[in-house]
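Given next are the chains, with one letter for each unit.
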Amino acid sequence: MSSVQADEGKPPLLSLDNVTLSFGGVKAISDISFNIQEGEIRAIIGPNGAGKTSMLNVINGFYHPQQGTITWRGKPRRRMKPYHAAASGIARTFQNVALFKGMSTLDNIMSGRSLKMKRGMFWQMLHVGPARNEEIEHRQHVERIIDFLEIASIRKQVVGRLPYGLQKRVELGRAMAMEPDLLLLDEPMAGMNLEEKEDMSRFVLDLNSEFGTTIALIEHDMGVVMDLADRVVVLDYGKKIADGTPAEVQASQEVIDAYLGVSH
Amino acid sequence: MSDLLGSLPAYLLRNTEQFADRVSMRHKDLGIWREWTWAEVGDEVRRFSIGFASLGLKQGDKVAIVGSNRPKLYWAFPAIQSCNAVPVPVYADSVAEEMQYVLEHAGVRFAVCQDQEQVDKLLSIQDQLPALEAILYDEDRGLKGYDPEQVIAITRVQALGDEVISRDKDIVARWNQSIGELGMDDLCVILYTSGTTGRPKGVMLSNRNLIETSANANAFDKLDHTEETIAYLPLAWVGDHVFSYTQSLLAGYSVCCPESPDTVTVNRREIAPTYFFAPPRVFEGLLTTIMVSMEDAGRIKRGMFHHFIRVANKVGERILNAESVNPFMRAYYKLGDWLVYGPLKNRLGMSKVRVAYTAGEAIGPDIFRFYRSLGINLKQLYGQTEASVYITAQPDGQIDANTVGTPSPGVELRIEDSGEVMYRSPGVFMGYYKNDLATADTKTNDGWVHTGDAGYIDDAGHLRIIDRAKDVGKLNSGGMFPPKYIENKLKFFPNIKEAVAFGDGRDYVSVFINIDLTSVANWAERNNIVYGSYQELAGHPEVYQQIEQHVRQVNQDLVAEPQMAGAQIHRFLVLHKELDADDGELTRTLKVRRKFVNERYNVLIDALYSDKTEQFVSTEVVFEDGRTGKIDATVAIQTVDIDEPATELRQAS
């Protein structure tokens with residue numbers, strides 16, 4: 001686990017203050033505040049319908065909260081579109097794999113670099129001079145990701161035909177390709193078997209320790225959350241019911257009642 | 001053979017001059033093939049070796065090498081040998097306790113590892129390895145927080161070497177000189193056998209063993225510096241050591257390291273090796289993949305494939321053996337080569353193969369002929385770690401699927417009265433490390449070695465191996481029971497991955513079958529057979545029907561040979577789990593551990609020799625992360641109708 005605990009001295013990478021999001025009469029998120037420190041693995045947990053995915057959607061600018069402020073790198077953030085969030089350094093993966101099914105692993109990850117491409121489409125189509133050098137540079141970066149995620153054997157395969165666990169890995173690769181400051185993972189281990197979960201956990205930990213990427217993840221598997229996360233925030237019915245280290249959260253009676261349930 | 005140099009590192013020095021600009025090694029890294037010439041390799045090895053010596057490596061030290069086929073690990077061999085220390089390559093996928101035995105027995109002072117996985121494994125057993133001082137590694141991922149005194153990057157060792165070289169001007173000359181002083185009969189490497197029976201034994205090979213054998217082998221197949229080969233088999237296995245290291249050093253040819261173990265097939269296609277070795281398993285697997293993907297191909301393509309494969313079947317092998325063939329058929333074969341064989345060989349990465357070998361197990365005659373009919377010069381050889389590989393090999397043009405060839409150059413062969421094959425050659429090992437008892441059991445005073453295999457030499461002077469000498473048993477009827485012979489016949493069917501036959505001291509022969517998941521799953525999909533797990537598929541009645549057909553065919557084969565008619569298979573079952581090396585059922589080289597399987601599945605064997613039609617069994621299994629669990633299953637047992645021996649059939653008709 002990374003050594004960065006809630007470091008009070010440094011301003012947080014991202015902080016949410018009194019955020020409320022409602023759809024018509026339904027309050028998906030009500031009056032929630034928490035922050036994400038640079039370099040930590042932050043988990044967001046809670047029962048089904050607790051508002052976890054809504055929370056991620058707020059962070060990456062897909063939903064706009066009616067109340068509250070979001071501060072990114074010390075500056076209050078205005079209403080923005082997801083691609084603004086992406087350009088400012090927030091990348092994400094989805095609960096259901098959202099890859100370009102007909103494209104190869106390599107092309108999918110390459111697409112994660114599109115925001116970093118400087119030359120326009122015209123130059124890229126000509127594939128000469130600076131555009132070519134730029135592509136080589138991006139390709140090198142992508143190859144490093146392929147090596148990191150150990151997916152060299154499926155480099156040229158169409159992702160639609162890959163097993164689910166590998167698709168998840170490719171999706172993580174695409175998000176990594178953006179070199180994000182903050183990576184949002186929406187249930188990265190959902191639907192995986194034990195071995196795949198272990199692999200994915202290893203990648204998340206290495207990603208955090210080797211590249212220093214800050215990670216916020218939603219996860220249902222409590223074992224995974226407790227092993228990976230530095231700090232955990234627990235939501236229930238759109239409200240925050242606990243926030244702290246895995247040990248603190250596990251000890252909270254409210255959390256036990258709401259989520260962890262009685263042992264069976 | 002007076003023109004041989006005195007040691008393996010001496011050959012490296014020679015190559016840095018004689019083949020300075022030729023490629024010695026390739027490795028695909030980050031999607032690109034990187035190359036090192038012999039001059040560059042010489043430089044890498046020199047820095048590595050001098051740096052290693054400054055860490056304290058000295059004459060006689062043992063150094064473990066753990067990992068997959070990586071340039072730096074291959075360079076570790078000459079780097080260590082130049083210091084007159086002894087490399088001990090270890091199977092990288094062996095579990096910690098297996099590894100502990102070998103490293104403790106060898107008394108290693110250093111270990112050279114590929115990555116964090118192996119470093120962690122060694123650190124977990126270092127309490128039991130008092131001699132181990134430091135661990136060197138190639139890939140630094142995940143190794144940031146480790147103790148830098150104990151866990152050292154190879155690049156750092158090489159940087160140490162650079163420092164020493166810049167400080168001490170004579171060091172390189174002294175290093176070169178010390179290589180010149182290495183002796184032909186010095187211990188050069190210790191290779192631990194995978195332990196089909198009992199604990200692994202450390203086979204000590206000298207410079208002479210490896211150099212003379214490699215020189216003979218290169219001459220036998222006319223291998224020179226233009227060859228390309230791909231290194232993908234375990235470093236700890238004598239075959240890889242000889243094909244990818246010593247023969248390459250002597251001939252000066254290039255060795256290519258794949259990107260990862262999963263990409264070997266793709267990488268082989270990119271490299272198109274000229275000299276290639278694979279165990280029968282690989283050839284079987286490739287053929288299964290081809291056949292499965294042809295089933296999925298369009299009608300025209302499929303028709304063309306099958307048509308030209310029939311043509312190849314008729315004339316391909318004769319053309320390869322340079323026998324006389326009807327000119328029309330020769331031209332037609334050429335067309336087939338253009339349309340089918342060429343593209344197919346390209347897919348397999350075998351379009352440039354001059355010499356390909358298979359060994360280790362018997363290969364199915366049909367599989368063997370299939371590759372040869374495509375024009376691939378696939379041959380069989382018979383070898384052992386104790387012989388520095390080569391005992392017999394098939395000379396070009398004298399190929400028979402059932403034999404393993406004539407004695408290799410310099411090898412003498414004889415058959416004991418018991419039927420056991422014995423040999424004597426320049427490659428015969430020095431002895432087992434710290435195990436004189438085993439050495440005396442295996443090697444006679446005048447240098448003959450027991451192979452432990454039963455066989456005979458046929459009229460053409462080729463050796464035929466029947467089975468392990470101690471495995472050939474007797475049925476109660478007095479008939480011969482060669483388990484491997486029967487198992488191999490079964491394994492030649494693509495649906496059957498593994499088989500274990502029983503019959504010694506019994507009334508009849510019965511077998512365990514492991515289905516081949518790739519092949520059977522594909523068949524199931526095609527036939528709308530629904531299954532949820534390996535276990536469910538294995539127990540499916542329709543799968544049993546398929547397997548029964550295969551068993552019947554084997555019985556027909558057996559009944560055709562008078563002395564084998566008694567060894568027909570009466571009953572069989574399909575195992576509910578795959579035999580696995582992690583569970584101790586297979587060796588690391590994937591051979592069945594007969595004794596262990598016998599004990600573990602005792603209930604199933606008893607059921608085979610009763611009239612039960614099913615049997616419950618509970619098996620403990622080890623998962624990849626080391627935890628254990630239990631698999632429960634009720635396994636069905638099938639009885640097979642037995643064909644009468646051929647003579648009676650004839651009387652009846």
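Residues numbered from 1 in each chain as written. Chains lettered and ligands numbered in written order. Predicted model: local features only at pLDDT ≥ 70, side-chain atom pairs only at ≥ 80, totals over all residues.

Chemist: I'd like a rundown of the overall build of chain B, residues and numbers included.
Modeler: Counting secondary structure elements, chain B contains 22 helices and 28 strands. For 653 residues, the compact-globule estimate of 2.2 N^0.38 gives 26 Å, and chain B sits close to it at 26 Å. Taken along the three principal axes of its C-alpha coordinates, chain B extends 90 × 65 × 55 Å. Burial analysis of chain B (653 residues in total) assigns 48% to the buried set. Intrachain contacts of chain B at a sequence separation of at least 6 include 65% that bridge at least 24 residues. (Helix = DSSP H or I, 4+ residues; strand = E, 2+ residues; numbered from the N terminus. Rg over C-alpha atoms; globule rule 2.2 N^0.38 Å. Buried ≥ 20, exposed ≤ 12 C-beta atoms within 10 Å, placed from the backbone. Contact = placed C-beta atoms within 7 Å.)

Chemist: Describe in detail the domain arrangement of chain A, supporting the description with residues and values.
Modeler: Residues and elements named next belong to chain A. Domain boundaries assigned for chain A yield domain 1 (1–89 + 180–264) and domain 2 (103–179). Taking only C-alpha atoms into account, the centre of domain 1 sits 27 Å from that of domain 2. Each partner contributes residues to the interface: domain 1 has eleven residues there, and domain 2 has ten residues. The set of elements that each furnish at least two residues to the side of domain 1 that touches domain 2 consists of α2 (82–87) and α7 (194–211). When residues of the side of domain 1 that touches domain 2 are assigned to their parent elements, the largest contribution, four residues, is made by α7. Along the lines of polarity and charge, the residues of the side of domain 1 that touches domain 2 split into nine nonpolar, one polar and one charged. (Domains from an automatic or database assignment. Nonpolar A, V, L, I, M, F, W, Y, C, P; charged D, E, K, R; others polar.)

Chemist: Before we move on, can you summarise the pairing of strand β9 (residues 202–206) of chain B with the specific residues and values?
Modeler: Residues and elements named next belong to chain B. When you tally the buried positions in β9, you get five out of five residues, the bulk of the element. Of the two faces of β9, both are covered, the one formed by Gly 202, Met 204 and Ser 206 as well as the one formed by Val 203 and Leu 205. Pairing analysis gives two bridges linking β9 to strand β19 (residues 431–432), with the strands arranged antiparallel. Its bridge partner lying in β19, Val 203 is registered against Tyr 432. (Pairing = 2+ DSSP bridges.)

Chemist: Would you mind going over the packing of helix α5 (residues 129–148) of chain A against helix α6 (residues 164–177) of chain A in detail, with residue names and values included?
Modeler: Two packed helices can be described by the angle between their axes and the distance between those axes. All names here are of chain A. Viewed as axis vectors pointing N to C, α5 and α6 meet at an angle of 140 degrees, and their least axial separation amounts to 10 Å. Classed by the angle they form, the pair α5 and α6 counts as oblique. Crossing geometry of α5 relative to α6 is assigned as right-handed. Across the interface between the two elements, His 141, Val 142, Ile 145 and Ile 146 from α5 touch Gly 173, Met 176 and Ala 177 from α6. A per-class count over the contact of α5 with α6 returns five nonpolar, two polar and no charged. (Axes fitted to C-alpha atoms, helices over the stretch in contact; angles between N-to-C directions. Parallel < 35°, antiparallel > 145°, perpendicular 65-115°, else oblique. Left-handed = near helix turned anticlockwise from the far one by under 90°.)

Chemist: Go over the environment of Leu 160 of chain B with me, naming the residues and quoting the values.
Modeler: Residues and elements named next belong to chain B. Positionally, Leu 160 belongs in helix α6 (residues 154–167). On a C-alpha basis, the gap between Leu 160 and Ile 50 in space is 7.9 Å, while along the polypeptide they are 110 residues apart. Those residues in contact with Leu 160, other than ones at most four positions away along the chain, are Gly 51 and Ser 54.

Chemist: Break down the environment of Val 189 of chain B for me, citing the residues and quoting the values.
Modeler: Residue and element names in this part refer to chain B. Positionally, Val 189 belongs in strand β8 (residues 187–192). Judged by C-beta crowding, with 26 C-beta atoms within 10 Å, Val 189 ranks as buried. What Val 189 contacts, discounting residues up to four positions off in sequence, is Val 86, Pro 87, Leu 205 and His 241.

Chemist: Any chance you could break down helix α14 (residues 365–373) of chain B for me, citing the residues and the numbers?
Modeler: All names here are of chain B. What α14 keeps buried is the set Ile 367, Phe 368, Phe 370, Tyr 371, Arg 372 and Ser 373. Where α14 is buried, its residues touch α11 (280–295), α12 (299–320) and β14 (378–384). One or two steps after α14, the chain reaches Gly 375, where phi turns positive at roughly 95 degrees.

Chemist: Break down the nonpolar core for me, citing the residues and quoting the values.
Modeler: Val 63, Ile 65, Val 90, Ala 111, Leu 136, Ile 190 and Ile 513 of chain B are the most contacted members of the largest nonpolar core, which has 180 residues in total. In contact with Leu 136 of chain B, other than residues within four places in its own chain, are Phe 110, Ala 111, Val 112, Cys 113, Ile 152, Ile 154 and Val 157 of chain B. Of all hydrophobic cores here, the second largest spans 66 residues; its members include Leu 21, Ile 44, Ala 86 and Val 142 of chain A. (Core = buried A, V, L, I, M, F, W, Y, C linked by C-beta atoms within 7 Å.)

Chemist: Got a sec to walk through the packing of helix α1 (residues 8–18) of chain B against helix α7 (residues 171–180) of chain B? Specific residues and values, please.
Modeler: Residue and element names in this part refer to chain B. Contact geometry for α1 and α7: axes closest at 8 Å, N-to-C directions at 130 degrees. In terms of axis orientation, α1 runs oblique to α7. Where α1 abuts α7, its residues Pro 9, Ala 10 and Leu 13 lie against Asn 176, Ile 179 and Gly 180. Taken together, the residues of the contact of α1 with α7 sort by class into four nonpolar, two polar and no charged.

Chemist: Residue-level account of the domain arrangement of chain B, with values.
Modeler: All names here are of chain B. Along its sequence, chain B is carved into domain 1 (8–207 + 233–252) and domain 2 (473–652). Of note, the centres of domain 1 and domain 2, computed from C-alpha atoms alone, are 42 Å apart. Looking at the side of domain 1 that touches domain 2, its residues break down into two nonpolar, four polar and one charged.

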